[in-house]
Amino acid sequence: MTEIRFWNTMGRALETFEPLEPGRVRVYTCGPTVYGEAHLGNMRTFLFEDVLCRALEYLGFGVEQVMNLTDVEDKIIAGAVARGVTLREFTTPHEAAFFRDLDRLHIRRAARYPRATEHVPEMVDLIARLIESGHAYQADGSIFFRIESDADYGRLSGVDLAAARRGERVADDEYGKEDVRDFVLWKAAKEDEPSWDSPWGPGRPGWHIECSAMSMQYLGETFDLHCGGVDNIFPHHENEIAQSESVTGRPLARYWLHSEHLLVDGRKMSKSLGNQYTLDDLIERGLDLRAVRYLLLSVHYRQKVNFTFASVEGAAAALRRIDDLRFRLDHARERSVERSDLRGQAARLAEEFGAALADDLNTSAALAALHRFVRDVNVTVEEDRLGPGDREVARSALCEIDGVLGVLHREEWGGAALAPSAGLGESEIETLVAEREAARQARDFARSDALRERLREVGVQVEDTAAGPRWRRE
Ligand code: AMP
Ligand code: ZN
């Protein structure tokens, strides 16, 4: 089996990946805070996780992915209180928008999407165990994690809290803390805010504890992969590690994978900077989300992507080359008697593609392998060397890798099954017209009619005149 390597943020090194249980990978991915529409930066992270899970399946593993939904948090509470609705009433449309966005980018569903509000008893239980073991303490009805009790705090991010936080202002509702570095596990209820009962009075969980509780509930005290965007490394993941490992004494996850940010004009796309694009914004501007998915795939997850309209155009052009190949394959004849090298090319694609994914999910190298294949097959078709069965070999090679890419089948994205005439060069149209004419001359009318119909579908009209066939775009 191919050796798989991932860059582990824990330890900052490329490590050989081996799941705890042979053949099965358990993945926890931090999910959205459901209070507004996700922007393309958020979607980059979710897409990275989608491709990671698909790649692991391609490489032969069964994958169980869990993604939490953060449905209780300051902005959610403020929004619900302002509108006079319950938390659930407030978050339901945002949750629906999130799932719609996943579908729009063809991001496959995780096995589970547990909601924080449905796991409060598990969080209370974890907090109680932290108090019992001296890792947490109560102050004014809130509970805080005692950073000092965790000698290795900072092992993921390498943060030096002593330097980073000295003199930092303490939030109004965190005055009771023993140490400014401590973080909140449970917040005492404020008036008129939704709250849950606990042994320490009414309140609500802090953000970090939800991921510790839900990941361990569904995936066990130690699981294989924990993922998120790089901004999750500190404090979120660092705090998850401190809380979980203080209770269990075991590593929470064996490999920590983080995707870099999506930038706009060189700055992180974020709600607070006001430079965000939602998928609705992109659709409104006429962008093809299939090209957006391709663009995001074309950059390795540990590199920043600078989002520009020109780069989406570039991605669309790359896709057109693939669409054109599929179109040609559909129409080319398998008439060569010599053996073509197509089977060899398909085998090479599978090998290079798998090796690229195994190399820390190198999707840009995987796409390079695909484009090499496209070039090779184009040459075979152009030289009229397609032999019996080759069409199917090429098609299934593409289908196989599309299980990971999720982008090759135009028709699955609401486009026509064939390349548009705009995507077909004159020479390609000429070739099809000539093939149709040859079929007509050979009195193979079924084939000539089928070719005329294909051309019509891509907006090309063919007329037969005394001087031979003529064509025009509609
Ligand atoms: P949130 O809904 O804010 O909790 O974010 C959901 C996910 O999106 C987290 O894993 C973040 O790390 C990630 N994220 C936020 N902004 C960006 C960005 N500009 N680029 C990539 N990922 C991001
Ligand atoms: Zn999380």
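Residues numbered from 1 in each chain as written. Chains lettered and ligands numbered in written order. Predicted model: local features only at pLDDT ≥ 70, side-chain atom pairs only at ≥ 80, totals over all residues. Heavy atoms only, no water.

1. Let's talk about the overall build of the protein chain
Turning to step 1, where the next piece is worked out: Along the protein chain, the regular secondary structure elements total 15 helices and 15 strands.
Turning to step 2, where the next piece is worked out: Overall size of the protein chain, expressed as C-alpha extent along the three principal axes, is 95 × 50 × 35 Å.
Turning to step 3, where the next piece is worked out: Within the protein chain, buried positions represent 53% of all 474 residues.
Turning to step 4, where the next piece is worked out: Counting every atom, the protein chain has about 20,800 Å² of accessible surface; 47% of that belongs to carbon and sulfur.
Turning to step 5, where the next piece is worked out: The distance from the centre of the 61 positive side-chain charges to the centre of the 82 negative ones in the protein chain is 5 Å. (Helix = DSSP H or I, 4+ residues; strand = E, 2+ residues; numbered from the N terminus. Buried < 20%, exposed > 50% of the residue type's maximum accessible area, 1.4 Å probe, protein only. Areas by Shrake-Rupley, 256 points an atom, 1.4 Å probe, with all protein chains shown as cover. Lys, Arg positive; Asp, Glu negative; His and termini not counted. Charge placed at Lys NZ, Arg CZ, Asp CG, Glu CD.)

2. Quick notes on the coordination of the zinc ion (ligand 2)
Turning to step 1, where the next piece is worked out: In the first shell of the zinc ion (ligand 2), the protein supplies Cys30 (SG), Cys211 (SG) and His236 (NE2), at 2.0 to 2.2 Å from the metal.
Turning to step 2, where the next piece is worked out: Within one chain, the residues donating to the zinc ion (ligand 2) are spaced in sequence as C-x180-C-x24-H. On the criterion of sequence distance, the pair formed by cysteine 30 in the loop between strand S3 (24-29) and helix H1 (40-58) and histidine 236 in helix H7 (residues 233-248) is long-range, its members being 206 residues apart. With respect to burial, cysteine 30 and histidine 236 carry one shared label: buried. (Donors = N, O, S within 2.8 Å, 3.2 Å for Na, K, Ca; no water.)

3. Topic: the sheet that holds strand S13 (residues 305-306)
Turning to step 1, where the next piece is worked out: Taking strand neighbours across the sheet as the criterion, the 3 strands line up as S12-S11-S13 in an open arrangement whose pairing is mixed. The sheet is open, and its two borders are formed by strand S12 (267-268) and S13, each paired with just one other strand.
Turning to step 2, where the next piece is worked out: Here 2 bridges tie strand S11 (residues 262-264) to S13, and the two strands are oriented parallel to one another. Paired with leucine 262 across the strands is valine 305, a residue of S13. (Pairing = 2+ DSSP bridges.)

4. Side note on the environment of histidine 331
Turning to step 1, where the next piece is worked out: Topologically, histidine 331 is positioned in helix H10 (residues 309-331).
Turning to step 2, where the next piece is worked out: Judged by relative accessible area, histidine 331 falls into the buried class, the value being 3%.
Turning to step 3, where the next piece is worked out: For the pair histidine 331 and leucine 451, spaced 120 residues apart in the sequence, the C-alpha separation amounts to 7.7 Å.
Turning to step 4, where the next piece is worked out: From its side chain, histidine 331 meets the backbone oxygen of phenylalanine 327 in a polar contact 2.7 Å long. (Polar contact = N/O pair within 3.5 Å; in protein donor to acceptor, adjacent residues only side chain to side chain.)

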